[in-house]
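What the coordinates show
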Amino acid sequence: PPHSRRGIIKLDRARTQAQRQTGKRRSSNRQHTMAMTPQEEAVFRNKFSRQIATMGEETVRKLVRMKVLIVGMTGIGTEVAKNIILQGSRAVTFYDPTPVGMKDLGVNFCLTEADIGKRRDEVTVPKLQELSKECKVSMVTELTDEVVADHTVVVITSHDVMSKPDMIRWNEFCRGFKIDSTNDAGAPMKKAAPISFIYAFTGGMFGSVFVDHGEKHVISDPNGEHPMVRMVSSITIEENGLVRYAVPDGQRPESLPEGCMIEFSDVEGMYATDDATYQTHGISINKSKAWQTFKRPDDPVNTLRIGDTRGFSEYVGGGTFVEKKMATPYAFKSLAASITHPGELPMTDMVNFGVEYQQHIAHQATLDFHTKNGRLPTPNDEADVEEVLKFAQRFVGAMQIFNETTPNAKVAAIDNDVDEDLVRKFAVHAGAELQPMAAFLGGVVAQEVVKVGGKYTPIPGWLHFNAMETLPAEKATDVAPLGGRYDNLVMVFGKEFVEKLGNLKYFMVGCGALGCEFLKNFAMNGFCCGPDGHLTVTDADRVELSNLARQFLFREDTVSKPKSVSACAKVTEMNPAFNPEALEMFVGEKTEDHFNDEFWQSLDGVCNALDNMEARFYVDKCCVKYSLPLLESGTMGTGGNVDPIVPFKTKTYRDGGDAVEGGGIPMCTLRNFPHLIDHCIEWARDQFEAIFVKPVKRAKVFTEDPGAFIDEIKGKADDANAIATATDDVRMLIKTLNSAQGANIDTCAQLAFDLFHALFRDKIVDLTSVYPKDARVIKDGVDKGPFWSEKKIFPTAARYDPNNETHWTFMISTTNLIGCTPR
């Protein structure tokens, strides 16, 4: 019968009692968190080092305390589970009693043919538990109030388990959840403690996500980026002071968020001149609380206005201001309200304007079809498609009546006509879950789980996404299911297409975080799994402990083993038909004896999963030479990019898009005029490379093969542009070799002492001798103002002081680094 599973989903009528009981336990769970031992703390920081660097320690620690319930363990559910387990979630619970079918093997990477007929959740638990021993992975046999109340987040991903009416009821339960607490007087009370509710769906080349973190969610940091910093040029004294500013070197010249708060530092002048200003702002603008900014339409560029500055003395010069991120409340609407009143939907399709609203209509119609029939539309069934279209027309008609009968409503219901062509495209494959879409949406949903803690701006209700461009121009005819693991692909793209994927010969370079995901996706989609298919995978690195938190094909027993070999062995378990060949080699000029003309000419394409530009450029050059398509991608923090490069249709990777404007710091700024802490850090990194890394590498090359080194230097001597570099190489080599002769702790300390004065005294004295503090810029006889201003901050030379902690720690660290340099 249509709702045969509803008996398992128990929403207790005696809800007040259930919430009272579960609220006590959940409150207890929140309040009692065991502290880590020093050893556990060290393991935590090592394992989650990348996450901490990207999201911040506070967000990662919130994740570690989080408990997530996932309902539905097909493609999206498994991807979400994998991602949040790797992110460090405390506990993940699954609920999906649906028996495993053959086509599930094409979307859930945990399943094998031996699992067919068993519960999806039961067989998935042990496979995902392997990803982290710190995360408790479990399943429940019933979905009850008590189960849901014991979690921080609920994620719904499958309509095999839950219908639209069920989702609405659970969403209301999560929104209204309360825990026992006490007020300021100590009297017992009920405190709102909403459970975050996330829903995700994908069918064919369409996908949707719904997010509800409750009515009182607080966003502490909207984007996770470092606060913007600007150099102050001037501040006017008036009722609404005008601040002129310049963009520091190395920062993107983007506008500050409208109405943002800023704080000043290092401003000369601007002292409080009356008691009222002193009481409100402190002794100077540098000590003042944050100022809220605004702009007037006729204000110049690179300016903003703050509050009343008439109580301050005149601005003298210098200073910076920093964006101060403020907590912002955001009230989410319920699922029921968002169905009829979705509000302004995020734009995800820049070509088909307004398609997100049509997809919303098609999605709701499909859910109504499911509510009536207890199933999603059968792929390629025209009768089912037409029924979905009627539900779409009924939904739009109901919304029109609502708007007509409530003319003074604060917010109107969705008001669009039905795009019949789009509804048909949505409905015809709504019952076919494709693994690439599941992988993409699994990443989106996992990031929404991260946002529960308040960092980053969450999806404001609904997000609808499509990839319609990938559908064949002419509908495939060989779409009948074959009873195999690739049936979902067959029903959308056809049997011939799937066979073509299987017989591809591809080359994947790199096997880190992206490489692991690529391998899994390839295996799930039958990529290189046919009788003539073959995938060559190469990576010279070995597995490290910190890799386990983001490179999901590796386990503790693979630490120190080759990445390519370990990953290929693991992914072959997911699909025994997969044909990978693992190599432990770099790709470059030194390995052209292996990666030769015959190798490149045998390929159908190349996939990069690299982490350095040199290798990317080399592979790109080879793809151009042999006319091969290249799939290039990369990640940085929470950002990422994908760049498909097709011969004769797109630019090459090297000739592709420009880097983000303002993304680099000029060397003259680093060496002579740093004006942000970022500049000092970049300068230090550059110096470390120049002092401790490059000289040792060059000396090692010389000692291993002096003749080759000398020939290289002679080659540079023939090039006028390279003579200076060759001279520096020789000078640096002689200095390094001389330093290593008879080295002891005294000579190492002397080198460190000399280095201190060279870096922090001599160079600064040279610079300030040429440009003293009162130097002015004279051009064509005209005084352009002081030399030291805005981005040029007058530096002070250091004199070594053994009582200065910064000085003596530099000496100890540098002495040790020099002493540990291999000879």
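Residues numbered from 1 in each chain as written. Predicted model: local features only at pLDDT ≥ 70, side-chain atom pairs only at ≥ 80, totals over all residues. Heavy atoms only, no water.

Turning next to the overall build of the chain. Along the chain, the regular secondary structure elements total 26 helices and 27 strands. Its C-alpha radius of gyration of 31 Å places the chain within 12% of the 28 Å reference for a compact globule of 823 residues. For the chain, the spread of C-alpha atoms along the principal axes amounts to about 90 × 80 × 55 Å. Taking all contacts inside the chain whose residues are at least 6 apart in sequence as the whole, residues at least 24 apart take part in 69%. Carbon and sulfur atoms provide 54% of the accessible area of the chain, an area that totals close to 41,300 Å². Averaged over its 93 positive side-chain charges, the chain has a centre that lies 5 Å from the centre of its 111 negative ones. (Helix = DSSP H or I, 4+ residues; strand = E, 2+ residues; numbered from the N terminus. Rg over C-alpha atoms; globule rule 2.2 N^0.38 Å. Contact = heavy atoms within 4.5 Å. Areas by Shrake-Rupley, 256 points an atom, 1.4 Å probe, with all protein chains shown as cover. Lys, Arg positive; Asp, Glu negative; His and termini not counted. Charge placed at Lys NZ, Arg CZ, Asp CG, Glu CD.)

Bringing the pairing of strand β25 (residues 639-645) into the picture now. Regular strands place their side chains on alternate faces of the sheet. Inspection of the sheet shows strand β24 (residues 630-636) paired to β25 by seven bridges, in the antiparallel sense. Within the sheet, the bridge partner assigned to Gly634 lies in β25 and is Asn641. Hairpin remark: β24 followed by β25, antiparallel, with two residues in the connecting loop; positive phi at Gly637, about 65°. (Pairing = 2+ DSSP bridges.)

The next thing to look at is the packing of aromatic side chains. All told, the structure shown has 34 aromatic pairs when counted by the stated rule. Judged by centre distance (5.6 Å) and plane angle (85°), the rings of Trp170 and Phe173 are edge-to-face. Remark: Phe173 and Trp170 occur in helix α8 (residues 164-175); sequence separation between them is three residues, near one turn of the helix. The exposure class assigned to Phe173 is buried, which follows from its relative accessible area of 2%. Put simply, the rings of Trp683, Phe753, Phe756, Phe760, Tyr800 and Phe810 touch in pairs and so form one group of aromatic residues. Over the face of the ring belonging to Phe552 we find Lys82, whose NZ or CZ atom lies 5.0 Å from the ring centre. Lying across the ring of Phe787, Lys792 places its NZ or CZ 5.4 Å from the centre. (Phe/Tyr/Trp six-rings, centres within 6.5 Å; stacked < 30°, edge-to-face > 60°. Buried < 20%, exposed > 50% of the residue type's maximum accessible area, 1.4 Å probe, protein only. Lys NZ or Arg CZ within 6 Å of the ring centre and 35° of its normal.)

Ranked by size, the top nonpolar core spans 72 residues in total, and within it Ile70, Leu128, Val209 and Leu519 carry the most contacts. Look past the residues within four positions of Ile70 in its chain and what remains in contact with it is Gly77, Val80, Ala81, Ile84, Val92, Thr93, Phe94, Tyr95, Val155 and Thr157. The next biggest cluster of nonpolar side chains, apart from the first, holds 52 residues, and it includes Val71, Ala149, Ala193 and Phe197. (Core = buried A, V, L, I, M, F, W, Y, C linked by side-chain atoms within 4.5 Å.)

As a further point, take the pairing of strand β7 (residues 196-203). Across the eight residues that make up β7, a large majority, eight, are buried. As judged from the four bridges shared by strand β4 (residues 153-156) and β7, these two strands associate in the parallel manner. From the neighbouring strand, Val154 faces β7, where its bridge partner is Phe197. For β7 and strand β8 (residues 206-212), the ladder comprises seven bridges, and the chain directions are antiparallel. Across the sheet, residue Ile198 finds its bridge partner in β8, namely Val211. Linking two consecutive strands that pair antiparallel, namely β7 and β8, is a turn of two residues; a positive phi of about 60° is found at Gly204 within it.

Let us look at the packing of α8 against helix α11 (residues 355-373). Relative to each other, α8 and α11 sit at 105°, their axes nearing to 8 Å. In terms of axis orientation, α8 runs roughly perpendicular to α11. Across the interface between the two elements, Lys164, Pro165 and Met167 of α8 pack against Gln364, Leu367, Asp368 and Thr371 of α11. Looking at the contact of α8 with α11 residue by residue, the classes come out as three nonpolar, two polar and two charged. (Axes fitted to C-alpha atoms, helices over the stretch in contact; angles between N-to-C directions. Parallel < 35°, antiparallel > 145°, perpendicular 65-115°, else oblique. Nonpolar A, V, L, I, M, F, W, Y, C, P; charged D, E, K, R; others polar.)

Attention now goes to the sheet that holds strand β14 (residues 291-292). Two orientations exist for strands paired in a sheet by backbone hydrogen bonds: parallel and antiparallel. Strand order across the open sheet formed by six strands is β14-β12-β17-β10-β11-β15, with antiparallel pairing between neighbours. Taken across any chain shown, the strands that pair with only one partner, and hence form the sheet edges, are β14 and β15 (303-305). Bridge count for strand β12 (residues 261-265) against strand β17 (residues 320-324) is five bridges, and the pairing is antiparallel. Counted as the bridge partner of Met261 is Lys324 from β17.

Time to look at the environment of Gln51. For Gln51, the location among the structural elements is in helix α3 (residues 49-55). Assessed through its relative accessible area of 6%, Gln51 is described here as buried. In this structure, the C-alpha to C-alpha distance between Gln51 and Gly88, residues 37 residues apart in sequence, is 9.3 Å. Apart from residues lying up to four places away in sequence, Gln51 is in contact with Gly56, Val60, Leu86, Gln87 and Ala549.

Turning our eyes to something else, we now look at the confidence of the model for the chain. Taken residue by residue, the chain gives an average pLDDT of 88. The fraction at 70 or more is 92%. Ignoring residues within four places in sequence, the model shows residues 1-33, a span with pLDDT below 50, making 68 contacts including any to other chains. Long-range and interchain partners of residues 658-662, a stretch whose pLDDT sits below 50, account for six contacts in this model, where long-range means more than four residues apart. (pLDDT = per-residue confidence, 0-100.)

Further remarks concern the environment of His341. Tracing the backbone shows His341 in the loop between α10 (335-340) and α11. For the pair His341 and Ile168, spaced 173 residues apart in sequence, the C-alpha separation works out to 14 Å. With residues up to four places along the chain from it excluded, the contact list for His341 reads Lys333, Phe402, Val411, Ala412 and Ala413. Engagement of the side chain of His341 in a polar contact is seen with the backbone oxygen of Val411, the distance being 3.3 Å. (Polar contact = N/O pair within 3.5 Å; in protein donor to acceptor, adjacent residues only side chain to side chain.)

Given a rise of 1.5 Å per residue, 19 residues ought to cover 27 Å, and the 27 Å separating the end C-alpha atoms of α11 matches this to within 8%. Across the 19 residues that make up α11, a large majority, 15, are buried. Following α11 by one or two positions, Gly374 adopts a phi angle in the positive range, close to 70°. (Expected span 1.5 Å × (residues − 1).)

In this structure the tally under the stated criterion is 39 salt bridges. With its nearest N and O atoms 3.0 Å apart, the salt bridge here joins Lys372 to Glu387. One end of the pair, Lys372, is in helix α11; the other, Glu387, is in helix α12 (residues 382-405), and 15 residues separate them in sequence. Residues joined by salt bridges that share partners form a network here, namely Glu79, Lys82, Glu517 and Lys520. (Salt bridge = Lys/Arg side-chain N within 4 Å of Asp/Glu carboxyl O.)

Let us look at the sheet that holds β4. Pairing is mixed in the open sheet, where seven strands are placed in the order β3-β2-β1-β4-β7-β8-β19. Each end of this open sheet is capped by a strand with a single partner; those strands are β3 (136-139) and β19 (462-466). For this sheet, the mean angle separating the axes of adjacent strands, direction not counted, is 15°. The pairing of strand β2 (residues 91-95) with β3 spans four bridges and is classified as parallel. Its bridge partner being in β3, Val92 is matched across the sheet by Val137. Against the sheet, helix α5 (residues 75-87) engages β1 (67-71), β2, β3 and β7, with an angle of about 165° to β1.

What follows concerns a nonpolar patch on the surface. Residues Tyr271, Tyr278 and Ile283 make up a contiguous nonpolar surface patch of roughly 330 Å² in combined accessible area. Note on placement: Ile283 falls in the loop between α9 (275-281) and β14. (Patch = residues over 30% accessible without salt bridge, like charges linked within 9 Å, V, L, I, M, F, W, Y side chains within 5 Å.)

A cluster of acidic residues, Glu589, Glu592, Asp593, Asp597 and Glu614, forms a negative patch at the surface. By the element assignment, Asp597 lies in helix α19 (residues 597-601). With a relative accessible area of 42%, Asp597 lands in the partly exposed category.

Glancing now at the state of the cysteines. Following the criterion strictly, the structure yields zero disulfides and no others. Free of any disulfide, Cys110 has its nearest cysteine sulfur in Cys135, 13 Å distant. Under the relative-accessibility criterion, Cys110 is labelled buried at 3%. (Disulfide = S-S within 2.5 Å.)

The interhelical angle for the contact between α12 and helix α13 (residues 420-428), taken along N-to-C directions, is 130°, at an axis separation of 9 Å. Considering the angle they form, α12 stands oblique to α13. Crossing hand, α12 versus α13: right-handed. Side by side, α12 and α13 meet where Val385, Glu386, Val388, Leu389, Ala392 and Gln393 of the first sit next to Glu420, Val423, Arg424, Ala427 and Val428 of the second. Partitioning the contact of α12 with α13 into residue classes produces seven nonpolar, one polar and three charged. (Left-handed = near helix turned anticlockwise from the far one by under 90°.)

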